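As a plain string of letters, each chain reads:
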Amino acid sequence: MTAELTGHLELPRTDDLPRLPYLFALPARGLAKPYFRRRYRLTIYHEELFPRTGPVLMTPNHLSLLDGPLLGAIAPRMLHQLGKIEAFGGLQGRFLRRIGQIPIDRSAYDVRAVRQSIQVLRDGRVLNIYPEGTRGTGDFSRIRTGVAYLAMVTGAPILPVALLGTRLPHGDVERFPPAGSRVDVVYGEPFTIDRVPFPRRHSDVRAVADQIGDVLRAHVRAAVEETGHPLPGAPDTKDPDE
């Protein structure tokens, strides 16, 4: 781990947080990966671009309920994923926490979720965040500022990911596509954003988010062209928590 990513003397502080668990996720991944490969006609492109060591800020587009479980199963490394807090209730919530996932309250600035996300990257792990913030068209037309803030704090490389086929055209964001559906996952070339010391002005974070959005939009367009697999268009039903 590099000194730049340790960052214990910079804001926000993360050395007081317990490390997120991940050992329970390893057998879960071992079961889920062959399941998804059997269920779908799955093709993964450019997996060699996925960094095998060090921190990674993974930034896929977001189409459906399948996205998180699929990426968690097939990614070359274990992922810590940000998910809406509404999904962390009951037995499901306990399971998600046991495999190192991070609940986030999207209705407010969730300080603990942000600190845990920074901790993941400072520990040299992989954080999966959906820059669009919710499930939708998957074209990165709207990028929230969280991904830019995390990149500016940690300097972690950003890994573009294009998901194609995890929702059928005009399908429901709350459902998995039917068995046998074609699903393509296209990794892009990692890139970095210069670290910015505290304080970080909102206007600067917004500008960096716009720059990241340009790269992600170009990647998803290139993925559609390479695979011949178009985006599904607008969903029939909107995410109820949007």
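Residues numbered from 1 in each chain as written. Predicted model: local features only at pLDDT ≥ 70, side-chain atom pairs only at ≥ 80, totals over all residues. Heavy atoms only, no water.

Let's talk about the overall build of the protein
- What the protein contains, in helices and strands, is seven helices and seven strands.
- Each helix and strand of the protein, ordered N terminal to C terminal, gives the series α-α-β-β-α-β-α-β-α-β-α-β-β-α.
- For the protein, whose C-alpha radius of gyration is 17 Å, the value lies close to the compact-globule estimate of 18 Å for 242 residues.
- Dimensions of the protein, computed from the C-alpha atoms along their principal axes, are close to 50 × 35 × 35 Å.
- Residues counted as buried form 50% of the 242 residues belonging to the protein.
- Contacts spanning at least 24 positions in sequence make up 81% of the contacts within the protein whose residues lie at least 6 apart.
- In the form shown here, the protein has an accessible surface area of approximately 11400 Å², with 57% of it arising from carbon and sulfur atoms. (Helix = DSSP H or I, 4+ residues; strand = E, 2+ residues; numbered from the N terminus. Rg over C-alpha atoms; globule rule 2.2 N^0.38 Å. Buried < 20%, exposed > 50% of the residue type's maximum accessible area, 1.4 Å probe, protein only. Contact = heavy atoms within 4.5 Å. Areas by Shrake-Rupley, 256 points an atom, 1.4 Å probe, with all protein chains shown as cover.)

Digging into the nonpolar core
- Counting residues in hydrophobic clusters, the biggest one holds 35 residues, and the most contacted among them are L57, L127, L150, I193 and I212.
- Mapped onto this core, the elements with two or more residues apiece are α5 (111–122), α6 (146–154), β6 (158–164) and α7 (202–227).
- Residues in contact with L57, not counting those within four places in the same chain, are L121, L127, I129, V147, L150, A151, P157, I158 and L159.
- Judged by nonpolar contacts, the second largest core, of 21 residues, contains M58, L71, I74 and Y130. (Core = buried A, V, L, I, M, F, W, Y, C linked by side-chain atoms within 4.5 Å.)

Notes on the confidence of the model for the protein
- With 93% of its residues at a pLDDT of at least 70, the protein reaches an overall mean of 90.
- Segment residues 1–9: pLDDT under 50, and 14 contacts once partners within four positions in sequence are set aside and those in other chains are kept.
- Here residues 238–242 is modelled with pLDDT under 50, and outside its nearest four sequence neighbours on either side it reaches 14 contacts, counting other chains as well. (pLDDT = per-residue confidence, 0-100.)

Digging into the packing of α6 against α7
- It is at 8 Å that the axes of α6 and α7 come closest, and there the two elements cross at 105 degrees. The angle between α6 and α7 places the two elements in the roughly perpendicular class. Across the interface between the two elements, V147, A148, Y149 and M152 from α6 touch D204, V205, V208, A209 and I212 from α7.
- Per-class residue counts for the contact of α6 with α7 are eight nonpolar, no polar and one charged. (Axes fitted to C-alpha atoms, helices over the stretch in contact; angles between N-to-C directions. Parallel < 35°, antiparallel > 145°, perpendicular 65-115°, else oblique. Nonpolar A, V, L, I, M, F, W, Y, C, P; charged D, E, K, R; others polar.)

Regarding the packing of aromatic side chains
- Here the structure, examined in full by the defined rule, presents four aromatic pairs.
- Residues Y35 and F36 carry aromatic rings whose centres are separated by 5.3 Å and whose planes lie at 65 degrees to one another, so their mutual orientation is edge-to-face.
- By relative accessible area, Y35 is classed as partly exposed at 36%.
- Exposure remark for F36: the relative accessible area of 4% places this residue in the buried category.
- Taking 6.5 Å as the distance between ring centres and 15 degrees as the angle between the ring planes, the aromatic pair formed by F36 and Y40 counts as stacked.
- The ring of F24 carries R98 above its face, with NZ or CZ at 4.6 Å from the centroid. (Phe/Tyr/Trp six-rings, centres within 6.5 Å; stacked < 30°, edge-to-face > 60°. Lys NZ or Arg CZ within 6 Å of the ring centre and 35° of its normal.)

Side note on a nonpolar patch on the surface
- Together, Y22, L23 and L26 make up a nonpolar patch on the protein surface, roughly 290 Å² of accessible area in all.
- Among the structural elements, L26 can be located in helix α2 (residues 25–39). (Patch = residues over 30% accessible without salt bridge, like charges linked within 9 Å, V, L, I, M, F, W, Y side chains within 5 Å. Salt bridge = Lys/Arg side-chain N within 4 Å of Asp/Glu carboxyl O.)

Describing unusual backbone geometry
- A positive phi angle, near 60 degrees, is found at F140, a position not held by glycine.
- Residue position: F140 is located in the loop between β5 (126–128) and α6.
- A positive phi angle is found at H170, which is not glycine, with a value near 60 degrees.
- Within the secondary structure layout, H170 lies in the loop between β6 and β7 (182–187).
- On the basis of relative accessible area, H170 is assigned to the partly exposed category, the value being 43%.

Brief notes about the pattern of salt bridges
- This structure, assessed with the given rule, holds nine salt bridges.
- A salt bridge links D214 to R217, with the nearest nitrogen and oxygen atoms 2.8 Å apart. Residue D214 and its partner R217 are both found in helix α7; the two are separated by three residues, about one turn of the helix.
- Judged by relative accessible area, which is 21%, R217 ranks as partly exposed.

Quick look at the side chain of T14
- Locating T14 in the fold gives a position in the loop between α1 (3–6) and α2.
- Here R122 takes part through its side chain, which lies 3.1 Å from a polar atom of the side chain of T14. (Polar contact = N/O pair within 3.5 Å; in protein donor to acceptor, adjacent residues only side chain to side chain.)

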